[in-house]
Every structure is written in structure tokens, then in C-alpha cells.
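# Per-entry structural report
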Amino acid sequence: MEKIVAFIPVRGGSKSIPLKNIKLINGRPLVYWTAFAASTCPFIDEVFVATDDKNIASVVNEFGLDKVKVIGRSAFSASDIASTESAMLEFAEQHHFEHIVLIQATSPMLEADDLTKGIELYQQENVDSVLSVVRQKRFVWKEHSGYVEPLNYDLYHRPRRQEFEGYLVENGAFYITSKKLLMKTQNRISGKIKAVEMKEESYFEIDEPSDWVVIENLMKNKIQKANQQTPIKMLLTDCDGVLTDGGMYYTENGDEIKKFNTRDGMAFEILRKRGILTGIISGEDRKIVRDRANKLKVNECHVGIKDKIEVIKGIAKKYNLHLDEIAYIGDDINDLECMKACGFSACPCDAVQEVRQTAKYICSASGGNGVIREIADLFINHMVH
């Protein structure tokens, strides 16, 4: 298959907001949000963050996102006078790929689903490039000979908003094209171009301090809405591939062992203290899973389960919960029914593609590397009932 890469150019020389690319916004460095979106898009093979700044490189490397690689860029391509295309061309000359998704770190409202839609559109016949846009329903005017005249509507037949198609505006979030066309045209998009519409709030890019305030509030409101829609009172999780890396390890005596993560152990304690019930539902019947569940002090442990959704319904009835008050974390196709039925679903970043497409939240952590801790932090910081 042809290789699709994401390219995120960031530099340390921002004038309006010094080192804005690693300044915290909604609890994370600015560049984290786009790097995370790109790394959790199933169509993107690798994510390259190109920077001239050692501090930025160090922060990005600490994200722990499996697909993300930090690379350098020349002083010229990171200068005030250089175009983004110069950085893209420099990258293209040094790396192998067939298709490139240019992503701007200044668009933290970008989500993996936006990129997925963009790439699916790009893969259609007779499409050379794709860009992200937002539909605006505003009346635009231009100056002409000292007067002004409307550009996008009839002055004498002013349309109502619900009847007005509006117009499409670049929001600067992402652009998709082939390496071949990039090298030929020296431009980020060319040929037959299509557009992916993103949500209205993604209109804003961070260029000035005032943009920062607007976008951070939008991001917080987004989380608050999710909280209102999903009052989580219980977290249930699969074991293999979530609490573990999914590997099968054996001692010399033939005893099976599993690798668990201590951060997840702390996560269960944090959730318990916050009054959130917890449980493990595993398709495998292993003593080691039962022992781990006892150590974690989970409320429910069910092993050797073939019909997980029926178990969840029974648990919901036992604790007088609705399914939309339960969060479920899984990594494989036998978890899909549970993920679709519960109010909130999540998966490790290395879950199978079908699960990643279903999950409401894709963790930056892979299985066995702190998935539950990441979800616990999410609940505490943003989605506490």
C-alpha cells in the first residue's frame, strides 16, 4: 500500500506568542492536539513533527505517541520569510512517502475523524488534493470606486440564514496531496481539489493571543458538553490488549504470565476515590486476571465471558445504572457491541481499526502502557459527573 504521512511543521520563533507550539492549552501543549489527532487516524502511517527548536523537540518526544517522530528542519525553512511549502519540499526531498497530509499545529480543534474523512475523499477517483474548510453564513462586501457592494448575495433579495448556503473558508487545519504533485507544482494543493467541511468552531486558528482565549474556551465547552451527555458512574474494561500489551508470555515451567502497568493500578484507586465503580470483563478465564482484579479492588470481575454485553446489562441492573452511565474500554472486535451500547467508549491507540473507528476516545497510550490512567485523568480533568 502507498504510504501516507502527516507533516506538522512547528518552529520556535513565533513572535506574537513566544514558543506557542508548546504552551499549554486546555492542559496540553498546543502541538499535542494535532499530533494526537494525526497519530490516531487509521489511514496515516507516520506523523513527522519538524522543528528547529530543541525545547519543542523534547516536549513532543515526551508525548509517547507511537506514530510520531520528531525531525529537524533547516534555519531557512523555519525563518519568518519562508513559506510552509519550503518546509514541505525540504521534507519531501529527505523522506519516502507517496502522499502527504500537511497539518497546522495552530488548529487544535482538529480531530482524527476529520482527517479520516479527508483521506477517504482524497482516495476517490479524479481527486488530486483535499483541504479542510468551514462553511460561513456571513454577508461579504468589497470596496469598489469608493463604495461597497455585496459579493455573495443579492442586496434586494436578502436570504434568511436557514436558506443561505453561505461560502467555504479555509480553516488551515489540513491539506492533502501527493508527493508527485507537491514536487511538480511546489504547492500544498493542486489539480482537482475537493474540500472537507469541519465543524464551525474549527474556523479559528491560533495566531494572536486573542485567538488563544477563544479556542481554549471552545475546547473547554466541548468537554463540558461531553460531560453533560455522558455522566459516567462506572468504568468497565477488557483485560488483554488494554490492561496488558496483549502478549502471551510463559515461564520455563510453562506458566502463563502477563505484563500489567502500575499506572493503571493507581488509576483504579483514583476512580474508586472519585466514586466511580470499576470492573474487568475478559473473554479469557485466567487466575492471573482474577488475582489482578482482587489487587485492584474492582467492583466486578467476570472472566471466560463470551457474551460481554449480557454481562454488562446484568451489572447495570445490579447497580441501578443506565448503559449511558457506563464507560467501556476495549481493543478488538469482540468489544464492539459493548462499546456501541455504552455511553462512553475508548480504546488503546493500537486497537484494531474497526474499534478505533467506533471509539469515542482513542488513547495516546497503547495496550498495557497506562490506558486506564489516561482515561482516569480524562474523567477527573474534564468529564467528572
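### Comments concerning the layout of surface pockets
- In this structure, the second largest pocket occupies an estimated 460 Å³ of space.
- Lining the second largest pocket we find 20 residues, and of these Pro9, Arg11, Arg73, Thr84 and Gln104 sit closest to its centre.
- Residue composition of the lining of the second largest pocket, by class: four nonpolar, nine polar and seven charged.

### Concerning the packing of aromatic side chains
- Overall, the coordinates contain 12 aromatic pairs when judged by the stated rule.
- Summarising the aromatic geometry, the rings of Tyr32 and Trp33 are spaced 5.5 Å apart at their centres and angled 80° between planes, so their arrangement reads as edge-to-face.
- Classification of Tyr32 by relative accessible area gives buried; the value is 2%.
- Just above the ring of Trp212 sits the side chain of Lys23; from NZ or CZ to the centre is 4.7 Å.
- Just above the ring of Phe97 sits the side chain of Lys179; from NZ or CZ to the centre is 4.9 Å.

### Side note on helix α7 (residues 262–273)
- Here α7 spans 17 Å end to end across 12 residues, near enough to the 16 Å set by a 1.5 Å rise per residue.
- When α7 is considered as a whole, its buried residues turn out to be Asp264, Gly265, Ala267, Phe268, Ile270 and Leu271.
- Capping the start of α7, Asn261 holds a side-chain oxygen 2.8 Å from the backbone nitrogen of Arg263, two or three residues further along.
- Gly275 lies just past α7 and shows a positive phi near 85°.

### Observations concerning the nonpolar core
- If you look at the biggest cluster of nonpolar residues, it comprises 73 residues, and the most contacted ones within it are Ile8, Ile44, Ile103, Leu115, Phe174, Ile372 and Phe379.
- Sort the elements by how many residues they give to this core and helix α1 (residues 30–39) lands first, with eight residues.
- Ignoring any residue separated from it by four or fewer positions in sequence, one finds Ile44 in contact with Ile4, Val5, Ala6, Ala38, Lys67, Leu115 and Ile119.
- Listed in part, the 22 residues of the second largest apolar core include Leu321, Cys349, Ala351 and Val355.

### Looking at the sheet that holds strand β11 (residues 193–197)
- Overall, mixed pairing links the seven strands, which are arranged β5-β4-β1-β6-β10-β7-β11 in an open sheet. In this open sheet, the two strands that pair with only one neighbour each are β5 (68–72) and β11. The average angle at which neighbouring strand axes cross in this sheet is 30°, direction not considered.
- Two strands pair when backbone bridges link them, and strand β6 (residues 99–103) and strand β10 (residues 167–178) are joined in this way by five bridges, in the antiparallel orientation. Among the inter-strand pairings, Ile100 is bridged to a residue of β10, identified as Thr177.
- Sitting on the sheet, α1 is in contact with β1 (4–9), β4 (46–51), β5 and β6, with an inclination near 180° to β1.
- Against the sheet, helix α3 (residues 84–94) touches β1, β4, β5 and β6, its axis set at about 135° to β1.

### Some words on α3
- Counted residue by residue, α3 has eight buried out of 11 residues, so it is predominantly covered.
- Turning to α3, its buried residues are Glu85, Ser86, Ala87, Met88, Leu89, Glu90, Phe91 and Ala92.
- Check the buried side of α3 and you find it contacts β1, β4, β5, β6 and α5 (179–185).

Conventions and cut-offs
Residue numbering note: each chain is counted from 1, following its sequence as written. In keeping with the model being predicted, local features are shown solely for residues with a pLDDT of at least 70 and side-chain atom pairs are shown and tallied solely at 80 or more, while totals for entire chains, interfaces and linings include all residues. Calculated side-chain values reflect all of the structure's heavy atoms, with hydrogen atoms and water omitted. Any residue with an atom within 4 Å of a point lines the site, the site being either a cavity, points on a 1 Å grid over the protein atoms alone where a 1.4 Å probe fits but cannot get out, or a pocket, an open set with protein on both sides within 12 Å along at least 5 of 7 lines. Grid points are joined across faces, edges and corners, and a volume is the space filled by probe spheres set on the points. Put simply, Ala, Val, Leu, Ile, Met, Phe, Trp, Tyr, Cys and Pro go in the nonpolar bin, Asp, Glu, Lys and Arg in the charged bin, and everything else, Gly too, in the polar bin. Pairing of aromatic side chains requires ring centres within 6.5 Å, counting the rings of Phe and Tyr and the six-membered ring of Trp. Pairs whose planes differ by under 30 degrees are stacked, by over 60 edge-to-face, and all others tilted. Whether a residue is buried, partly exposed or exposed follows from its accessible area with a 1.4 Å probe, protein chains only, as a fraction of its type maximum: under 20%, in between, or over 50%, in that order. Here, over-ring charges are defined by two tests on the NZ atom of lysine or the CZ atom of arginine: distance to the ring centre within 6 Å, and angle to the ring normal within 35 degrees. Numbering of helices and strands runs from the N terminus, with a helix taken as a DSSP run of H or I at least four residues long and a strand as a DSSP run of E at least two residues long. A helix is expected to span 1.5 Å multiplied by its residue count minus one. Throughout this description, a polar contact denotes any pair of N or O atoms lying within 3.5 Å of each other; where both atoms belong to protein, one of them has to be capable of donating a hydrogen while the other can accept it, and for residues adjacent in sequence the pair is counted only when both atoms sit in side chains. Definition of nonpolar core: a set of buried residues of the types Ala, Val, Leu, Ile, Met, Phe, Trp, Tyr and Cys, connected through side-chain atoms within 4.5 Å. Residue contacts are counted whenever heavy atoms from the two residues lie within 4.5 Å of one another. Two strands make a pair as long as DSSP finds a minimum of two bridges between them. To define axes, lines are fitted to C-alpha atoms, for helices over the stretch in contact only, and angles between the resulting N-to-C directions are given on a 0 to 180 degree scale.

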